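Listed here are the chains, written in short residue letters.
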Amino acid sequence: MIAPASFTIGPHLTRNPVYNPVTDFTAIDLIADVPFAMVVPASLPVKTVQEFIALAKSSPNKLSFGSVGPGTPQHLGGELFKLKAGVDLIHVPFRGATAVLPDLLAGRIDMFIGAINSLLPLIREGKLRALATATSKRIDSLPEVPTMAEAGLPGVEVGSGVGLVAPANTPPDIIATLNGAISDMIADPGFHERMTAIGVDVVGTTPAAYAKILSDDYAKWGKVVEAAGIKPE
């Protein structure tokens, strides 16, 4: 099964989850990831994450952040930022990224943590300001932009990873065969070129490494959902 970014989030958002991403599946490989970045409108008078935090603390519940809907990585990324930064921000959900951007550009919302592939053109045009990337290391397309950890906010990592999983207890030799086939595929320079062209980072992991990523993300998002007071439905 292709496991999207919501794979480790979804069970925390329902009263009776139908699966556990850690115990009901066997990790095969994290194939790719779409890096996320924290952006603000160019009109907002902040140039760093710390300046944004200071502004938010000086105006409690005045600043807002947008998302592409409740329970999405963009929403929980904003909630994770609030939790780590110790600030109060108003969540404004939209129906998709294309709906967020006009209000962000106009300054009707103050911050958005979202996929870099849709934000990059606006950052390069100077219409949005990237304060940090929500990644473990700087990204090639924005080498001058610090990571959240470099900006003084470690632990704020959000992305849109896509991996492959199999049912729990799938024999190890089958998992190894599938992982090897995926490794061969993503080693193809043509695959890298196609992914880079649409703003996707090729990753590639061992099954054990991907299993740890799934376990860590599942635990992280559970804590964020609880801390944000999001009620399972």
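1. Considerations on the overall build of the chain
Now for step 1: Each helix and strand in the chain was counted, giving seven helices and nine strands.
Now for step 2: Computed over its C-alpha atoms, the radius of gyration of the chain comes to 18 Å, within 12% of the 17 Å expected for a compact globule of 233 residues.
Now for step 3: For the chain, the spread of C-alpha atoms along the three principal axes comes to 55 × 45 × 30 Å.
Now for step 4: The buried share among the 233 residues of the chain stands at 45%.
Now for step 5: For the chain, long-range pairs separated by at least 24 residues make up 74% of all intrachain contacts whose partners lie at least 6 apart in sequence.
Now for step 6: As presented, the chain carries roughly 11300 Å² of accessible surface, and 57% of it is formed by carbon and sulfur atoms.
Now for step 7: For the chain, the separation between the mean place of its 18 positive charges and that of its 22 negative charges on side chains is 9 Å.

2. Observations regarding the packing of aromatic side chains
In this description, a pair of aromatic rings is defined by centroid distance and the angle of the planes.
Now for step 1: Scanning the model with the defined rule gives four aromatic pairs in all.
Now for step 2: Between Phe52 and Phe81, the aromatic rings sit 5.9 Å apart at their centres with planes inclined by 65°, giving edge-to-face as the arrangement. With Phe52 in helix α1 (residues 49-58) and Phe81 in helix α2 (residues 73-85), this residue pair connects regions lying 29 residues apart in the sequence.
Now for step 3: Phe52 sits in the buried class, given a relative accessible area of 0%.
Now for step 4: Residue classification places Phe81 among the buried residues on the basis of a relative accessible area of 0%.
Now for step 5: Three or more aromatic residues joined by ring pairs form one cluster here, namely Phe7, Tyr19 and Phe25.
Now for step 6: Between the NZ or CZ atom of Lys220 and the centre of the ring of Trp221, over which it lies, the distance is 4.5 Å.

3. Some thoughts on the pairing of strand β7 (residues 128-133)
Residues in a regular strand project their side chains so that they alternate between the two faces of the sheet.
Now for step 1: Buried residues dominate β7, accounting for five of its six residues.
Now for step 2: Alignment of strand β3 (residues 36-41) against β7, held across five bridges, turns out to be antiparallel. Residue Val40 lies in a different strand from β7, and its bridge partner there is Arg129.

4. Re α2
Now for step 1: Compared with the 18 Å implied by 1.5 Å per residue over 13 residues, the 18 Å span of α2 between its first and last C-alpha is a close match.
Now for step 2: Buried residues dominate α2, accounting for eleven of its 13 residues.
Now for step 3: Where α2 is buried, its residues meet β3, α1, β4 (64-67), β5 (90-93), β6 (111-115) and α7 (207-228).
Now for step 4: Remark: Gly86 follows α2 within two positions and exhibits a positive phi of approximately 70°.

5. Digging into the sheet that holds strand β1 (residues 2-3)
Now for step 1: Taken in spatial order, the four strands make up an open sheet running β1-β8-β2-β9, and their pairing is antiparallel. The open sheet has two edge strands with one neighbour each: β1 and β9 (201-202).
Now for step 2: The pairing of β1 with strand β8 (residues 162-167) spans two bridges and is classified as antiparallel. Residue pairing across strands places Ala3 opposite Gly163, the latter belonging to β8.
Now for step 3: In this fold helix α5 (residues 172-186) packs onto β2 (25-33), β8 and β9, with an angle of close to 5° to the strand it touches most, β2.
Now for step 4: Where α7 meets the sheet, its contacts fall on β1, β2 and β8, and the angle it forms with β2 comes to roughly 90°.

6. A short note on the nonpolar core
Generally speaking, soluble globular proteins have nonpolar side chains that are buried together.
Now for step 1: Residues Met38, Val49, Phe52, Phe81, Leu89, Met111 and Met148 are the most contacted members of the largest nonpolar core, which totals 43 residues.
Now for step 2: Those residues in contact with Phe81, other than ones at most four positions away along the chain, are Met38, Val49, Phe52, Ile53, Gly86, Val87, Leu89, Met111, Ile113, Met148, Leu153 and Val156.
Now for step 3: Counting residues in hydrophobic clusters, the runner-up holds 19 residues, among them Val100, Leu119, Ala130 and Leu142.

7. A closer look at the sheet that holds β7
Now for step 1: With respect to topology, five strands assemble into an open sheet ordered β5-β4-β6-β3-β7, the strand pairing being mixed. Among the strands making up the open sheet, the edge pair consists of β5 and β7. Shown here is a sheet whose adjacent strand axes are inclined to one another by a mean of 30°, direction ignored.
Now for step 2: The sheet strands contacting helix α4 (residues 116-124) are β3, β6 and β7, and the helix crosses β6 at an angle near 120°.

How each quantity is defined
- Residues numbered from 1 in each chain as written.
- Predicted model: local features only at pLDDT ≥ 70, side-chain atom pairs only at ≥ 80, totals over all residues.
- Heavy atoms only, no water.
- Helix = DSSP H or I, 4+ residues; strand = E, 2+ residues; numbered from the N terminus.
- Rg over C-alpha atoms; globule rule 2.2 N^0.38 Å.
- Buried < 20%, exposed > 50% of the residue type's maximum accessible area, 1.4 Å probe, protein only.
- Contact = heavy atoms within 4.5 Å.
- Areas by Shrake-Rupley, 256 points an atom, 1.4 Å probe, with all protein chains shown as cover.
- Lys, Arg positive; Asp, Glu negative; His and termini not counted.
- Charge placed at Lys NZ, Arg CZ, Asp CG, Glu CD.
- Phe/Tyr/Trp six-rings, centres within 6.5 Å; stacked < 30°, edge-to-face > 60°.
- Lys NZ or Arg CZ within 6 Å of the ring centre and 35° of its normal.
- Pairing = 2+ DSSP bridges.
- Expected span 1.5 Å × (residues − 1).
- Axes fitted to C-alpha atoms, helices over the stretch in contact; angles between N-to-C directions.
- Core = buried A, V, L, I, M, F, W, Y, C linked by side-chain atoms within 4.5 Å.

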